[in-house]
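Structure at a glance
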Amino acid sequence: MKILYNWLKEFVDVTLAPRELAERLSLAGVAVDSVEDSPAGPVFDAEITTNRPDLLGHAGVAREVAAILRSSLRATVPAVKESAERTDSAVRVDINCPELCGRYAARVVRSVKIQPSPDWLRQRLEALGQTSINNVVDVSNYVMFETGKPVHAFDFDTIDGRRIEVRRARPGEKLRTLDGVERALAPEMCVIADGRRAVGLGGIMGGAETEISSLTRNVLIESAWFDPITIRRAAKTLGLRTEASIRFERRADPESVVPAATRTAKLIQQLAGGEILAGVVDVCPMRQEEYALELSRRELLRVMGADVPDAEIEAILRALGFGPARVDGNRGSRDSLVAAWKCRQASWRADVKREIDLIEEVARHYGYDKFPARLPHAKQPAARLPHAAAEDRLRQRLVALGYQEIVAIPLVDEAHDAVFRPSGVAPAKISNPLAEDASVLRSSGLVNMLRTLEWNLNRGQKNLRLFEIGRAYALEGATAKETRIVTLGATGQAREKNLYEAPRAFGFEDLLGDLEVLGEDAGGMNPQPGNAAWLHPARSARIELSDGKDIGVAGQVARRVAEQFKLKHAVFVAELELEPLYRAREVQLAARRYRPLSRFPAVERDFSLLLDDHVTFAQVREAIEALRIPEAESIGAVDLFRGGSVPAGKHSLLVRVTLQSHEATLTETQVNEISGRIIAALEKQLGAVLRTA
């Protein structure tokens, strides 16, 4: 929103220089990004939050300036010279859809002269980025930027039957808008119609057939209040977002309808001549009642931790239009601890509905820097969420393994989500998505993971290990389901080149090794044959817990899927459900018992095994564990090798077994006897061959 400094001075006595005022506005919550010069004077470029439609007009910003300066606004609607003929005798207004249009006011100005706007008006509009058209159209735009309330001017002679009907669009109805585009309308859209056709799209844009032209002599002024949700949906459906729709969809002030119409009529009379018909046709089927608010010093002290003088509280609230009045029993006592004020809700501030909102208004204008920093008193003890400790442990292990955490927005493209969506699961679609590539809630975290990997690879990050702890969403029939998941993604090198070792690319075995570390607290994770359609058929697996519960998949992304996500490198991913993983961890922790450390040294034995490609480390470990050797403390895979002297269809696996006794130091004979049993079992059950070279 652009704001003219000189325009603000018409509403309030501004004693601050432009840049100083911009700084004060920013401190009060109206963020001014820059101040630039223009033929119309200094221009503020302010960022207006969606809950403050009142700041989309200069009068609203001037109200903030008045609160900053502890001043008041000047009256902005002058007296209007009217003719003897009444407006209600010239035009009739009917609202047939009060749920879409809560108020509609009309005024008529006869015998106007259409001509170029004066320089002062043209310069102001151009400084705000608005092209000057003619004096009448420019006045309607000027009033919108002044009051924050959109108005529209019709060529009254083109209105059939001198009647305005506010209704829903009819099936198949079309309207050519002022931009020259013929638009197909839907029944949920609000249109302004005359006796035979639609002449405007309510709250968004007028129709081309009734626009103000050089032949216009009589003008009908429209000022209305439209339902914000209806306006936003219609503007989004039609791809037509205008200055008017921006204000209506944020809930423009309903009480400014008549003043805005009168202000427009007065300016048209000044710049285009003519006579203003007496009175206003004001149809309001859904008038909103004001309700009272109350602010007490006790609550202000409780929330802010420091006091604000009575004079400051009253000056701020009065300048902002809340009309404070003392209602406590000690009204004659200044700064009383039991002081309380009754305030009215301002029609332009629909966001102020509670006492805490009034406290915020006082605090931001009094200055947050004047309140000492302190921690609020705790009303109840804090409690960690279920599985919080397990999740902390999971996150720590992933970071220790070299992974970095990402946080992604769960809204994704439906086509990408369908690649990873399980069969029989319907996507959770967004009813009113902001963008096509954010139209569904993800059914898997893999969409975000692959997009993040692609984004980083395109920016020169070649070695990546990422993880995300989040949720997946799905509809199973009519039931919505949320699943806590952890998603891993890796690509690039597992080991960089150093003085002693050559570089090695990250592979499927590295991913399974990382998952094995994650599953230690839960009794282990076991990769099993089977894969998803989007994974490489030879480098993928289902992941099971020790109790046989299937909790996810892991593997290399298939080439066709990698190409769809524009990934040119081998990418490895895994996704696991967290709830069964956490429950398994709890079971393991409950069963854990103290065991004293052995006083005797451990012995490590490495077995370099030549195995068929289909034999996994899990099978090797199971074969060794089946021997029930009490001295076997741990069994781990150290290295895997293919190629070179290893025959095709085979691989070399280095397995390390740690042996330790709690009764005595193991002798060489005992170690050799245990090693022999292990080798014999592997040869018999898995066809393993012990490599000697």
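Everything in this summary refers to the structure shown in the same document.

Attention shifts here to the overall build of the protein. Per the secondary structure count, the protein includes 20 helices and 35 strands. Each principal axis of the C-alpha distribution contributes one length, and for the protein these read about 120 × 65 × 50 Å. Taking all 693 residues of the protein together, 49% fall into the buried category. A separation threshold of at least 6 residues defines the contact pool for the protein, and within that pool the share at least 24 residues apart is 70%.

Take the sheet that holds strand S3 (residues 43-47) next. With respect to topology, 3 strands assemble into an open sheet ordered S1-S3-S2, the strand pairing being antiparallel. Two strands close off the open sheet at either side, each with one partner strand: strand S1 (2-4) and strand S2 (31-36). Across this sheet, the average inter-strand angle for adjacent strands is 30°, counted without regard to direction. Across 5 bridges, S2 lies against S3 in antiparallel orientation. Paired with Ser-34 across the bridge in S3 is Asp-45.

Turning next to the nonpolar core. The biggest cluster of nonpolar side chains holds 81 residues, and the ones touching the most others in it are Leu-21, Leu-25, Phe-44 and Ile-268. Excluding residues that lie within four positions of it along the chain, Leu-21 makes contacts with Tyr-5, Leu-8, Val-14, Leu-16, Phe-44 and Val-65. In this structure, Ile-164, Ala-169, Leu-220 and Ala-224 belong to the second largest nonpolar core, which totals 41 residues.

Okay, the pairing of strand S11 (residues 190-193) next. Along S11, one buried face is formed by Cys-190 and Ile-192 and the opposite face, lined by Val-191 and Ala-193, is buried too. Of the strand pairs in this sheet, strand S8 (residues 163-168) and S11 are connected by 4 bridges, and their pairing is antiparallel. Across the sheet, residue Arg-168 finds its bridge partner in S11, namely Cys-190. In this sheet, strand S12 (residues 198-201) lies alongside S11 in antiparallel orientation, the contact comprising 3 bridges. Across the sheet, residue Val-191 finds its bridge partner in S12, namely Leu-201.

Once that is clear, we can look at the sheet that holds strand S35 (residues 689-690). Here we have 4 strands laid out as an open sheet, ordered S33-S34-S32-S35, and antiparallel in their pairing. The open sheet has two free edges, formed respectively by strand S33 (632-641) and S35, since each of these has just one partner strand. The sheet contact formed by strand S32 (residues 603-612) and S35 spans 2 bridges and is antiparallel. Of the residues in S35, the one forming a bridge with Leu-609 is Leu-690.

Looking now at the packing of aromatic side chains. Across all of its chains, the model carries 8 aromatic pairs by this definition. When the ring of Tyr-5 is compared with that of Phe-44, the centres are 6.2 Å apart and the planes differ by 55°; the resulting orientation is tilted. Of this pair, Tyr-5 sits in helix H1 (residues 5-8) while Phe-44 sits in strand S3, and the two are 39 residues apart along the sequence. Considering the side-chain rings of Trp-7 and Tyr-142, the 4.3 Å spacing of their centres and the 20° angle between planes classify their relative orientation as stacked.

Running from amino to carboxyl end, helix H13 (residues 388-400) crosses helix H18 (residues 578-591) at an angle of 100°, the nearest separation of the two axes being 10 Å. Classified by the angle their axes make, H13 and H18 are roughly perpendicular. In this structure, H13 contributes Ala-390, Glu-391, Arg-393 and Leu-394 to the contact, and H18 contributes Leu-578, Tyr-582 and Arg-585. Class assignment of the residues belonging to the contact of H13 with H18 gives a composition of 4 nonpolar, no polar and 3 charged.

With that settled, the discussion passes to the pattern of salt bridges. For side chains of opposite charge, pairing can occur when their charged atoms come near one another. Applying the stated rule across the entire model yields 62 salt bridges. Salt-bridge contacts for Arg-263 lead to Glu-146; the nearest nitrogen and oxygen are separated by 2.7 Å. Remark: Glu-146 occurs in helix H6 (residues 135-147) and Arg-263 occurs in helix H9 (residues 257-272); sequence separation between them is 117 residues. For Glu-146, a relative accessible area of 3% corresponds to the buried category. Note that Glu-604 and Arg-656 form a salt bridge whose closest N and O atoms lie 4.0 Å from each other. With Glu-604 in strand S32 and Arg-656 in strand S34 (residues 650-659), the pair connects residues that are 52 residues apart, well separated along the chain.

This paragraph deals with the side chain of Ser-256. Position of Ser-256 relative to the elements: it lies in the loop between helix H8 (243-248) and H9. Engagement of the side chain of Ser-256 in a polar contact is seen with the backbone oxygen of Asp-253, the distance being 2.8 Å. Apart from residues lying up to four places away in sequence, Ser-256 is in contact with Lys-149 and Ser-223.

Owing to its 3.6 residues per turn, the α-helix brings residues three or four apart onto one side. Between its first and last C-alpha atoms H9 spans 22 Å; for 16 residues at 1.5 Å apiece the expected length is 22 Å, and the two agree. Buried residues dominate H9, accounting for 13 of its 16 residues. Gly-273 occupies a position one or two residues after H9 and carries a positive phi of about 75°.

Quick look at unusual backbone geometry now. One non-glycine residue, His-387, adopts positive backbone phi at about 65°. On the secondary structure map, His-387 appears in the loop between helix H12 (355-366) and H13. Notably, Lys-566 is not glycine yet its phi reads approximately 60°, a positive angle. Looking at the element boundaries, Lys-566 is found in the loop between helix H17 (559-564) and strand S31 (571-577).

With that settled, consider the side chain of Ser-296. In this structure, Ser-296 sits in strand S17 (residues 292-296). On the accessibility criterion, Ser-296 (19% relative accessible area) is buried. For Ser-296, the residues in contact, after removing those within four places along its chain, are Ala-339, Ala-340 and Glu-355.

Rules behind the numbers
- Residues numbered from 1 in each chain as written.
- Predicted model: local features only at pLDDT ≥ 70, side-chain atom pairs only at ≥ 80, totals over all residues.
- Heavy atoms only, no water.
- Helix = DSSP H or I, 4+ residues; strand = E, 2+ residues; numbered from the N terminus.
- Buried < 20%, exposed > 50% of the residue type's maximum accessible area, 1.4 Å probe, protein only.
- Contact = heavy atoms within 4.5 Å.
- Pairing = 2+ DSSP bridges.
- Axes fitted to C-alpha atoms, helices over the stretch in contact; angles between N-to-C directions.
- Core = buried A, V, L, I, M, F, W, Y, C linked by side-chain atoms within 4.5 Å.
- Phe/Tyr/Trp six-rings, centres within 6.5 Å; stacked < 30°, edge-to-face > 60°.
- Parallel < 35°, antiparallel > 145°, perpendicular 65-115°, else oblique.
- Nonpolar A, V, L, I, M, F, W, Y, C, P; charged D, E, K, R; others polar.
- Salt bridge = Lys/Arg side-chain N within 4 Å of Asp/Glu carboxyl O.
- Polar contact = N/O pair within 3.5 Å; in protein donor to acceptor, adjacent residues only side chain to side chain.
- Expected span 1.5 Å × (residues − 1).

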